[in-house]
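Here is how the chains run, residue by residue.
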Amino acid sequence: MSAARRALRQKHNAILPVERLPPEILRIIFTSCAEIDPPLLFAPLPKTRIGWLAVTHTCRRWRDVALEHSGLWAQVSRSLGPEWADTFVERAKMMPL
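Residues numbered from 1 in each chain as written. Predicted model: local features only at pLDDT ≥ 70, side-chain atom pairs only at ≥ 80, totals over all residues. Heavy atoms only, no water.

> For this particular structure, what's the right way to read the layout of surface pockets?
Unfilled space is identified by rolling a water-sized probe across the atoms. Put simply, the largest pocket is a space of about 290 Å³. Forming the boundary of the largest pocket are Arg6, Arg9, Gln10, Asn13, Ala14, Glu19, His57, Thr58, Cys59, Arg60 and Arg61. Looking at the lining of the largest pocket, the elements that each hand over two or more residues are helix H1 (2-14) and helix H3 (60-68). Tallying contributions element by element places H1 first for the lining of the largest pocket, with five residues. Among the residues forming the lining of the largest pocket, the class breakdown is two nonpolar, four polar and five charged. Size it by volume and the second largest pocket reaches roughly 190 Å³. Lining the second largest pocket are Thr31, Ala34, Glu35, Pro38, Pro39, Trp52, Gly71, Leu72, Gln75, Val76, Ser77 and Phe88. Among the elements that make up the lining of the second largest pocket, the one with the highest residue count is helix H2 (residues 23-36) (three residues). Looking at the lining of the second largest pocket residue by residue, the classes come out as seven nonpolar, four polar and one charged. (1 Å grid on protein atoms, 1.4 Å probe; cavity = no way out; pocket = protein on both sides within 12 Å on 5 of 7 lines; lining within 4 Å. Points joined across faces, edges and corners; volume = space filled by probe spheres on them. Helix = DSSP H or I, 4+ residues; strand = E, 2+ residues; numbered from the N terminus. Nonpolar A, V, L, I, M, F, W, Y, C, P; charged D, E, K, R; others polar.)

Right, here's the structure in full:
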């Protein structure tokens, strides 16, 4: 049942106007989100939040675009801890940090 629900959601999402945005526009939007809403995972409660990382949790397409956008990951956030820092460096690929 879960697979059927996921397939139905994917079909529904595919017809939404936002899905017609090219990856280049999504990258610009995601970069703006990163500047405006940094993640604060180790902030005091209730301020703990994932910030712009939420775009990677929105849908498969947004996640793929965000993960492939190496410039998005070049700003390594120290508030996330060493494991996340390693992930950011890996995803930044050859971009200067």
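> Just to check I follow, could you spell out the side chain of serine 70 for this structure?
As for its placement among the helices and strands, serine 70 is situated in the loop between H3 and helix H4 (82-92). Residue classification places serine 70 among the buried residues on the basis of a relative accessible area of 17%. In contact with serine 70, other than residues within four places in its own chain, are Arg91, Ala92, Lys93 and Met95. (Buried < 20%, exposed > 50% of the residue type's maximum accessible area, 1.4 Å probe, protein only. Contact = heavy atoms within 4.5 Å.)

> Just checking my understanding: could you explain the nonpolar core for this structure?
Where a protein is soluble and globular, its nonpolar side chains tend to be buried together. Phe30, Trp52 and Trp73 are the most contacted members of the largest nonpolar core, which totals 15 residues. When residues of this core are traced back to their parent elements, those giving at least two are H2, H3 and H4. Considering every element that reaches this core, the biggest residue donor is H3, with three residues. Beyond its immediate chain neighbours, meaning those up to four positions away, tryptophan 73 contacts Trp52, Leu53, Thr56, Ala66, Leu67, Phe88, Arg91 and Ala92. (Core = buried A, V, L, I, M, F, W, Y, C linked by side-chain atoms within 4.5 Å.)

> Before we go on, may I ask you to explain the packing of H2 against H3 in this structure?
If you want to describe how two helices pack, look at the angle between their axes and the distance between the axes. Interhelical geometry of H2 versus H3 gives an angle of 75° and a closest axis separation of 10 Å. Taken together, the axes of H2 and H3 are roughly perpendicular relative to one another. Contacts between H2 and H3 involve Pro23, Leu26, Arg27 and Phe30 from the first element and Arg61, Trp62, Val65 and Ala66 from the second. Its residues assigned to classes, the contact of H2 with H3 comprises six nonpolar, no polar and two charged. (Axes fitted to C-alpha atoms, helices over the stretch in contact; angles between N-to-C directions. Parallel < 35°, antiparallel > 145°, perpendicular 65-115°, else oblique.)

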